[in-house]
Amino acid sequence: MTDVPTDEFAPRPKLLTPPVLQQLCTRSNLKGALRTLSHYGAIVAIGALIGAIASTQGVVWTLPLLPVQGVLIAFLFMAVHETAHKTAFDSRRLNVAVGNLSGFLIGLPYEYYCLFHWEHHRHTQDPQRDPELIVGPKPRSETQLAIAYSGLVQVAGRLKLVLKHAVTGEVTVPWVPAGRRAIIVREARFYVAGYALLLLGSLALHSALLLWVWVVPLLLGQLILRPYLYAEHTGCDHTRSAFHNTRTTFTTQFVHWIAWNMPYHVEHHAYPAVPFHALPKLHAIVDGEIKYRGEGYVAVTRQTWAWFRTQWEGTKSQT
């Protein structure tokens, strides 16, 4: 299936009744723990393998494993996302703990992201108020577009923002209310202090282990994560309806696992209180209302890349 450019959908019975929705919104510590442990377990296993090979055979022999580790680490973004909604676990403390650990590992402060993402849900696809569109790259050439899809600009930008918050003690972005700015500054300082301690520890031990099991893989993983994220809204309508301003992409079970079922992104935006493990059931109910449907991330990436090109070509033709 590809994107469907029509608003006409076949009538169907209303299956998503309040009792059904209430059942779908049931959160589970067990399901959240299983997904978290499997994701982190894979990271630890591949990281241990990289460390063992690097210490015995040399770093060169670990190169094939680095992109695998990179995808696993970069997609911890999905753990941050799900815990930001407080739907990964029934326990709020578990959501906050896993969210902070995952956010630290990918350089994305958890409390800051919660505010950022809440505003994104409130103003999805609104160019003036959606933070994703405000801070997102606006490429004007093939080179800029390629850099945007690498994800490196985004990683550098959020690390720069964390450092700014930590050093200056000032938070000026509009999605952080005045009453939460002190929390964001304190959080940024904890993150920066944590990174500094890890760097100093590595230097003291004369070890590059963290570089090869964490930092380099994280950067490599952006090459997969960023196109995935662009698939969620790029080229969709600028409207209030989640069924029109968001895309669901049909993909493999592995992608559903590592992305915490977020390929069902229309479903998530329409009903953000539904936890990740219930999204397949929700999809079966609301599938007929979805306008933008992608058949695989390779195909959708071609579509989103073409959409960005159309935007800058349109801009050039107006000047």
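First, a word on scope: everything that follows refers to the structure included in this document. From a predicted model like this one, the values you see are computed outputs, not experimental measurements. Residue positions are given per chain, counting from 1 as you read along its sequence in written order. Residues qualify for local features only when their pLDDT is at least 70, as the model is predicted, and side-chain atom pairs are given and counted only at 80 or more; totals for whole chains, interfaces and linings, by contrast, use all residues. Working from all heavy atoms in the structure, the side-chain values ignore hydrogens and water.

Secondary structure elements are taken from DSSP: a helix is a run of H or I of four residues or more, a strand is a run of E of two residues or more, and numbering for both begins at the N terminus. Each helix and strand counted, the chain has 16 helices and 2 strands in total. Taking 20 Å as the expected radius of gyration for a compact globule of 319 residues, we find that the chain reaches 20 Å, a close match to that expectation. Once the C-alpha set of the chain is aligned to its principal axes, its extents read approximately 65 × 55 × 45 Å. Burial statistics for the chain: of 319 residues in total, 47% are counted as buried. Whether two residues are in contact is decided by their heavy atoms, any of which lying within 4.5 Å being enough. Looking at the chain alone, contacts between residues at least 24 apart form 72% of all its contacts between residues at least 6 apart. For accessible areas, the Shrake-Rupley method is used with a probe of radius 1.4 Å. Any residue's cover is judged against the shown protein chains and nothing else. As displayed, the chain has an accessible area near 15,900 Å², and 66% of this comes from carbon and sulfur atoms. Charged-residue counts in this description rest on Lys and Arg as positive and Asp and Glu as negative, His and the chain ends being excluded. By convention, the charge on Lys lies at NZ, on Arg at CZ, on Asp at CG and on Glu at CD. Positive and negative side-chain charges in the chain, numbering 28 and 20 respectively, have mean positions lying 7 Å apart. Two things to know: the radius of gyration comes from C-alpha atoms, and the globule rule equals 2.2 Å times the number of residues to the power 0.38. Accessibility here uses a 1.4 Å probe with only protein chains present; expressed as a share of the type maximum, an area under 20% marks a residue as buried, one over 50% as exposed, and anything in between as partly exposed.

A word on a nonpolar patch on the surface. On the surface, L152, L211, V215 and L219 cluster together to form a nonpolar patch covering roughly 290 Å² of accessible area. At 3 residues, the largest contribution of residues to the nonpolar patch is made by helix α11 (residues 209–230). Only residues whose relative accessible area exceeds 30% and that form no salt bridge enter a patch; like-charged residues are grouped when within 9 Å of one another, and nonpolar side chains (Val, Leu, Ile, Met, Phe, Trp, Tyr) when within 5 Å. Salt bridge, as used here, is a side-chain nitrogen of Lys or Arg placed within 4 Å of a carboxyl oxygen of Asp or Glu.

With that out of the way, let us pick up helix α6 (residues 110–122). Because an α-helix completes one turn every 3.6 residues, residues spaced three or four positions apart along the sequence face the same direction. Between the first and last residue of a helix there are one fewer steps than residues, each counted as 1.5 Å, and that sum is the expected span. For α6, built from 13 residues, the straight-helix expectation of 18 Å at 1.5 Å per residue is met to within 8% by its first-to-last C-alpha distance of 18 Å. Among the 13 residues that make up α6, 10 are buried, leaving the element largely enclosed by the rest of the structure. Listing the buried residues of α6 in full gives Y110, Y112, Y113, C114, L115, F116, H117, E119, H120 and H121. Looking at the packing, one finds that the buried side of α6 touches α4 (77–84), α5 (92–106), α7 (131–135), α9 (152–168), α10 (181–205) and α14 (265–270).

What follows deals with unusual backbone geometry. Not every positive phi belongs to a glycine, and W260 is a case in point at roughly 55°. Structurally, the position occupied by W260 is in the loop between α13 (253–258) and α14. Despite not being glycine, N261 shows a phi value in the positive range, around 65°. Secondary-structure assignment places N261 in the loop between α13 and α14.

Walk down a regular strand and you will see the side chains alternate between the two sheet faces. Here strand β1 (residues 247–250) shows no split at all, with R247 and T249 on one side and T248 and F250 on the other all buried. For two strands to count as paired, DSSP must find a minimum of two bridges between them. Where β1 and strand β2 (residues 292–295) come together, 4 bridges link them in parallel fashion. When the bridges of β2 are listed, F250 appears paired with E295.

Note that V274 resides in the loop between α14 and α15 (279–286). With residues near it in sequence (within four places) discarded, V274 still touches L21, L24, C25, L279 and L282.

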